[in-house]
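So the chains spell out like this:
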Amino acid sequence: MRFHPLLPAVLLLAATAVSADAIRQTKMDHYDAFRQLEVDLPTPNVYRTASGAPGVQYWQQQADHKIQVTLNEGEQSIRASQTIEYSNNSPDTLRYVWIQLDQNRFRDESIARLTERADEDQLSYADLARHQRFSDVEHGFTIERVVDGRGRDLRYVVVDTMMRIDLAQPIRTGQKTSFGIDWSFNIIEEAIVGGRGGYEHFAESDTYVFFLAQWFPKLAAYTDYGGWKHQQFLGRGEFTQEFGDYEVEITVPADHIVAATGELQNESAVLTAEQRRRLNAARSADKPMFIVTPEEAIANEKDGTTETRTWVFKADNVRDFAWASSRKFIWDAMIHRQEDAEHPEVLAMSFYPQEAEPLWSQYSTHAVVHTMEVYSRFSFPYPYPTAQSVNTWKSGGMEYPMITFNGRRPEPFEADEEDENAADKPERTYSRRTKQGLIGVIIHEIGHIYFPMTVNSDERQWTWMDEGVNSFLQYLAELEWEENFHRYRDHYSVLEQIAEYMTSQNQVPIMTQSDSIMQFGPNGYTKPAASFVVLRETVLGRELFDFAFREYAQRWKFKRPTPADLFRTLEDASGVDLDWFWRGWYYSTDHVDVALTSVREFRISSEDPHIELPLNREQRNEQVPETLGQIRNREEGRTLRVDKFPELKDFYNDNDEFAVSNADRNKYSKLLDDLEPWERAALERAARDDDFVYFIDFENLGGLVTPLPLLITDTDGNEEFMMIPAEIWRLDYRNVTKMLIRDKAIASIELDPRRETADADFANNHFPSKPGQSRLELYKGDTDVRDQMADMLRTLRKRKGGDDATENAVPLQSDPQ
Amino acid sequence: MPQKMPFRCSPIRSRCALAVAAAMVLGTAAMAVAHRLPGSLSTIKSNASTDVVEVIHRLHNHDAEDVLIEARNDRTLSVDSLEGRAALALYIEEKFLVADFSASKVGAPLDLQLVGAELSGDYVLVYQQLTGKLPAAIAVRDDIFRDVFPAQVNYVNISTGKEVRTLVFQGQDVWQTTELE
C-alpha cells in the first residue's frame, strides 16, 4: 500500500483503488507513480482503438427531429407537435427507446425537487418565492399523445425525467423508425425557479425575453460503452446527446425577433425589407452591423400585437436545439471568414435587450468571432453556418449548438450630486470586470460549440471532458484578447489558484461521475484546465501538445469520445508516455509540492598527493582557525618545551599530517597503474577542469510527480534555466537526488521560478532558503491600501450601528404551542 | 416586533432561528459561468516568521456580489469598490468563527482581527489574523454565503505545519472541530 503521511484520507482511497488492481505492491510501501494505465482503462475494441481513435466499426445513432411549436406569451407557455425519425446504427435490436423529458425536473414529484435539502432552520425570500411559484404554476411536460409513424398510439411510461416508448416493431440494426409526440408545458421564470432556460420578466416595461433550452422531448443517447444513457436529470450533470438534423417552426407574436440553432429559412416572411437589406450587408461586414438598432428595439417594446409569425429554422448534424424570442431584441451581425470548404463564412450574431447596452453592441459579436479564430486554430474550423450570443440573464451562461445564452449587463450610472454635467453622462456604465466577464463568458459558451457540441463527450458522466477542456481553451483565447486579462494577473495564475484547492483533504479525483463531484468548479473546470496548461507549457511543449490536441479534436469531431480516447490520443500523437500525468492529475487527489531540501558541493579529487594534500592543508586552515591560546602564547613570547630541548623534535615536528609520504606516493602510483587508460584520461581531465560537483536533494511532499524547472545562478551572477523531466521520480516518487557538474560555483537554485508546475508552497523552493512573504504579509506591506481599507471598515462599522441589517430577512415567529 | 408569517414552526423545536437575507437571483447566481456551484475556500495557517495566525478566505466575485447586493439592499454595490470589499469583509467577520476547543467544548470565539480584502482575478480575498498561536484544538463555524445559497459548500483548510486538515461545511453543519497537536 502506498505511504502518504500528508493526506490520511488519500490513504483510504488509494487502498481501495489498489486492492481492486490486478497488480499490487504487497511488500514495502513502494508506489509506482509511472505504472502504465492500460489495466485501468477500458479494453480497446472494434469501436475504440488502443491509440485513442474511433475503431473500424465505430457507430452512433441518429435522431432527426421536426417540431412545430407555438409560444403563448400571455400565459408563458408553449405547445408543440413533433416527429422524431430514429436510425438504429448500433449492432443491437431495440424494442423500446428512451426519451429525455428535461422539463420534468421542475415537477412537484421529481427526484430533483424531492431531494432538495434544507439549510438549518432558515427560509430565504428566494426559497419562499420559489415555493409560491411551484404552488401557483404546474411545471413539467404534459404529454398529450405518443403515436407511431402511421398515427397509432404507442405505449409509453414516464420515469421522472425519462420516458420509455415501447415500439410496435423492434428496430434492427440499419433500420429506421419514426414516431410523433404532442406536448405542452408552462415555462419557468428563470430568476425565481432557477434553470438553464425559461423567461425573464422586465417589470418596469412589462416585457419578456424567452429563452428555451431543454425544451422538447429528445432521444436519449444509446452508446457502445454504456447502452442507454438514461441517468435522471438532477439539474447539475448535463447531457449525453445524439446528433441529428432539425427542422423547427417557431410561432411567436408578430413583433418578436427569434434567434435559434441553425439557419433561418424564411427571411422574407418574418423580416422587413430593411432588415433583410441590413442582414445581407452584415454577411460581408468585417465589423458588427445592426439588423435591429437599439432605437428600433426600444420603439418595438412599446407596442404589442395579437398577430403571430412563424420562423422556420433548419440545422444539420446538431446534438441539440435552443431558441430565444423577444420584442426587446437589438440584433447585430458580422461575418467570420475561415479556411474551410464547407463553411468558408460563418455569420456571427448577437441579440440583446436595451438593458444590456452599451456593453453588448461593443463586445458581444467581436467576442464570438474571436472565439472562433482561436478555437479553430487549436481544433478544427468552426463546423456550422451561424454562431450566436443572446443576453438572457444578468450573469452566467449556457451553450447549445450555434447559440449561447450569456449574462453580464451594465449598471445604472450614478452621477456625482454636485456634477453640473450630470445630464450628459451615460445612463449606464460598466466596470472592467463586467466587460471582461462578458468577454470571458461568451468565449466560454461559444467555445462549448466545439466541446462538447461537436466533440460530443458525455457531459452527464464526465464534466471535465467539456468544461475542463473548454476552460483551458477559454484561458488561451483570453490571453489572446488583451494582455493582463484580469483573471491571470498579479502572479495569481490558474495554477496558483488550483494549488490551494489541490491541498484540500476532501476532494475527489477528476475522474468522478458528475453528480458526485464535491467542489464542482475547481474539480470540473479549473483543475483539468490547469492540468492542460502544465501539459502544454511544461511537460510536452507547445509543438507536441498542439499537434496532439488537434489530433484528438479532429478524430472525435461529430463523434463521442470517452476519457480513455483523450488520454490515449494525446500519448499516441505526442509520442510521450503520459500515464504518470493522467494517473496523478486525473485518478488521484495528490497535489504538487516539491521541496528543495539540501544542496551539497564537492570538487573532484586528482588523488595526486602532491596536489591534494597541500589543498587539504589550505582547506583545513580555512575551516579550523588556530587555537586562540596558542596564538596568544606566541604573542607573549612563551618558549615551547621542544624549543628549549630541541632533541625532543622528530619527523613529526617537521612534517604535519598533510606532508606527502612515500606511502602516499606508492598508493597514487598504484591507483594510476590500476586505472584503465580511459579512466586515467577522465581523472586527468577532471584535475585540469577543476569542476564543482553538486548533489541536490528534492522531496516530493505533495505526492504528484512533476518536472523540475530549475533556475541556477552562479557566483558571477550568470543564470541558467534547466528543465528536469518528471521521469526523475520513476524509481522513488518521494525522494530524489540530482547530480550536477558545473565549472562555476553555484550561488543559488530556485525550483519552479516561472510558476509553471502548480506547486502549492514556494517557501521550500529555494537554496539557500529564502524567507518568502505570505499573501497576507504582502497585503499588509502595502500601507496605502491597508489604511484606506481600515478607514472604510471604521466608517461602515459606525454606520452599521444605526442600520437595519435584518431588512431583507423573512421574519419568522415561533409557534406559542 | 417581527411580522408574523402565515405559517408556523414545528412545535418540536424549542425556538425558530431568525431567518436571513436571501438573493432572489438565486438561480442565476448558482450557475455563474455555466453552472459553477457556489463554494468558498478558507485557509488557516500559522506564520512562524511573524508569529501570526493568518486566515485567508477565497470567494468567487460573483457569489460575493450577489450576497452583498442582498445583504445591503444596494444593487450598485460591487467588490470592485473599496466600500463593497469592506462590506464583504464585515460580512465574513460575522459568518466565520474560530473558537477554543482544547477543553472539548466550544469556548468563546477567538478574537480574529479583520485585516482587509483585495481582488485577485475572479476572486476576492478577505484577510483575518490572530496574534499568537492557535489552541491545541479548535472549533470552526463557517456560515459564509450559506444564508443565501442553499447549495453552498465551504472548505476550511487548517495547516498544522505537518499536514493540512480540511473541514467541510454544507447542509446542516454548524460547529466542526479539529485537534492541531
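Cut-offs and rules
Residues numbered from 1 in each chain as written. Chains lettered and ligands numbered in written order. Predicted model: local features only at pLDDT ≥ 70, side-chain atom pairs only at ≥ 80, totals over all residues. Helix = DSSP H or I, 4+ residues; strand = E, 2+ residues; numbered from the N terminus. Buried ≥ 20, exposed ≤ 12 C-beta atoms within 10 Å, placed from the backbone. Contact = placed C-beta atoms within 7 Å. Rg over C-alpha atoms; globule rule 2.2 N^0.38 Å. Axes fitted to C-alpha atoms, helices over the stretch in contact; angles between N-to-C directions. Parallel < 35°, antiparallel > 145°, perpendicular 65-115°, else oblique. Left-handed = near helix turned anticlockwise from the far one by under 90°. Pairing = 2+ DSSP bridges. pLDDT = per-residue confidence, 0-100. Core = buried A, V, L, I, M, F, W, Y, C linked by C-beta atoms within 7 Å. Nonpolar A, V, L, I, M, F, W, Y, C, P; charged D, E, K, R; others polar.

Participant: So, the overall build of chain B: which residues are in play, and what are the values?
Facilitator: Looking only at helices and strands, one finds four helices and nine strands in chain B. Listing each helix as α and each strand as β along chain B from the N terminus yields α-α-β-β-α-α-β-β-β-β-β-β-β. With 181 residues in all, chain B has 49% of them scored as buried. Partitioning the intrachain contacts of chain B with sequence separation of at least 6 by distance along the chain shows that 61% fall at a separation of at least 24.

Participant: Talk me through the overall build of chain A; I want residue IDs and the actual numbers.
Facilitator: Across its full length, chain A holds 23 helices and 32 strands. Since a compact globule built from 817 residues should have a radius of gyration of about 28 Å, the 35 Å found for chain A marks it as more spread out than a globular shape. Oriented by its inertia axes, the alpha-carbon framework of chain A measures out at about 130 × 75 × 70 Å. Put simply, chain A has 817 residues, and 40% of those count as buried. By sequence separation, contacts in chain A at least 24 residues apart represent 73% of the contacts at least 6 residues apart.

Participant: Which residues make up the packing of helix α9 (residues 432-447) of chain A against helix α10 (residues 463-479) of chain A, and what are the values?
Facilitator: Residue and element names in this part refer to chain A. It is at 9 Å that the axes of α9 and α10 come closest, and there the two elements cross at 135 degrees. With respect to their mutual orientation, α9 and α10 come out oblique. Along this stretch, α9 crosses α10, giving a crossing that reads as right-handed. Two secondary-structure elements touch here, α9 through G440, I443, H444 and G447 and α10 through N470, L473, Q474, A477 and E478.

Participant: I'd like a description of the sheet that holds strand β1 (residues 62-72) of chain A, backed by residues and values.
Facilitator: Residue and element names in this part refer to chain A. Taking strand neighbours across the sheet as the criterion, the seven strands line up as β4-β7-β2-β1-β13-β17-β15 in an open arrangement whose pairing is mixed. Every interior strand has two partners, whereas the edge strands, β4 (142-148) and β15 (263-264), have only one. Judged from the 11 bridges that link them, strand β2 (residues 77-87) and strand β7 (residues 176-186) form a sheet pairing that is antiparallel. Paired with T83 across the bridge in β7 is G180.

Participant: Residues and numbers for the sheet that holds strand β5 (residues 155-159) of chain A, please.
Facilitator: Ordered by their spatial adjacency, four strands build an open sheet running β5-β6-β3-β10 (chain A), and the pairing between neighbours is antiparallel. One side of each edge strand has no neighbouring strand; the edge strands of this open sheet are β5 and β10 (218-219) of chain A.

Participant: I'd like to hear about the environment of P288 of chain A, residue by residue, with values.
Facilitator: Residues and elements named next belong to chain A. Within the secondary structure, P288 sits in the loop between α6 (273-282) and β16 (289-292). Residues P288 and I335, spaced 47 residues apart in sequence, show a C-alpha to C-alpha distance of 8.1 Å. Setting aside anything within four residues of it in sequence, one finds P288 in contact with D332, A333, M334, S361, T365 and H366.

Participant: Give me the confidence of the model for chain B: which residues, what numbers.
Facilitator: Residues shown with low pLDDT carry predicted positions that ought not to be read at fine detail. Residue and element names in this part refer to chain B. Residues of chain B with pLDDT of at least 70 account for 77%, and the chain-wide mean is 76. Between residues 1-35, whose pLDDT stays under 50, and residues either more than four places distant or in other chains, the model counts 98 contacts. Interface confidence in the predicted complex, given as ipTM, is 0.72; pTM for the same model is 0.81.

Participant: Account for the nonpolar core, naming residues and giving values.
Facilitator: Residues F210, A259, A348, F351, A387 and V533 of chain A together with L88 of chain B are the most contacted members of the largest nonpolar core, which totals 204 residues. Those residues within four positions of V533 of chain A in sequence are excluded, and the remaining contacts are F472, Y475, V494 and L495 of chain A.

Participant: Got a sec to walk through unusual backbone geometry? Specific residues and values, please.
Facilitator: Omega for the peptide link from E357 of chain A to P358 of chain A comes to 10 degrees, which places this bond in the cis form. By the element assignment, P358 of chain A lies in the loop between β20 (345-352) and α8 (359-378). Cis geometry is found at the peptide bond from F767 of chain A to P768 of chain A, where omega equals -10 degrees. In this fold, P768 of chain A is placed in the loop between β32 (766-767) and α22 (775-781). Backbone geometry places F145 of chain B, a non-glycine residue, at a positive phi of 65 degrees.

Participant: Would you mind going over the packing of α8 of chain A against α10 of chain A in detail, with residue names and values included?
Facilitator: When two helices pack together, their arrangement is given by the angle between the helix axes and by the axis-to-axis distance. Residues and elements named next belong to chain A. In contact at an axis separation of 10 Å, α8 and α10 are set at 120 degrees when each is read in the N-to-C sense. When the axis of α8 is compared with that of α10, the two are oblique. Crossing of α8 over α10 shows right-handed handedness. Residue-level inspection shows H370, T371, V374, Y375 and F378 of α8 in contact with α10, the latter providing L473, L476 and A477. Split by residue class, the contact of α8 with α10 holds six nonpolar, two polar and no charged.

Participant: How would you sum up the pairing of strand β27 (residues 692-700) of chain A? Please name residues and give values.
Facilitator: Residues in a regular strand point their side chains to alternate faces of the sheet. Residue and element names in this part refer to chain A. In the sheet, strand β26 (residues 594-603) pairs with β27 via nine bridges, with the strands oriented antiparallel. Residue pairing across strands places S598 opposite D697, the latter belonging to β27. Bridge count between β27 and strand β30 (residues 735-742): eight bridges; the pairing is antiparallel. Residue pairing for β30: F695 is matched across the bridge by M739.

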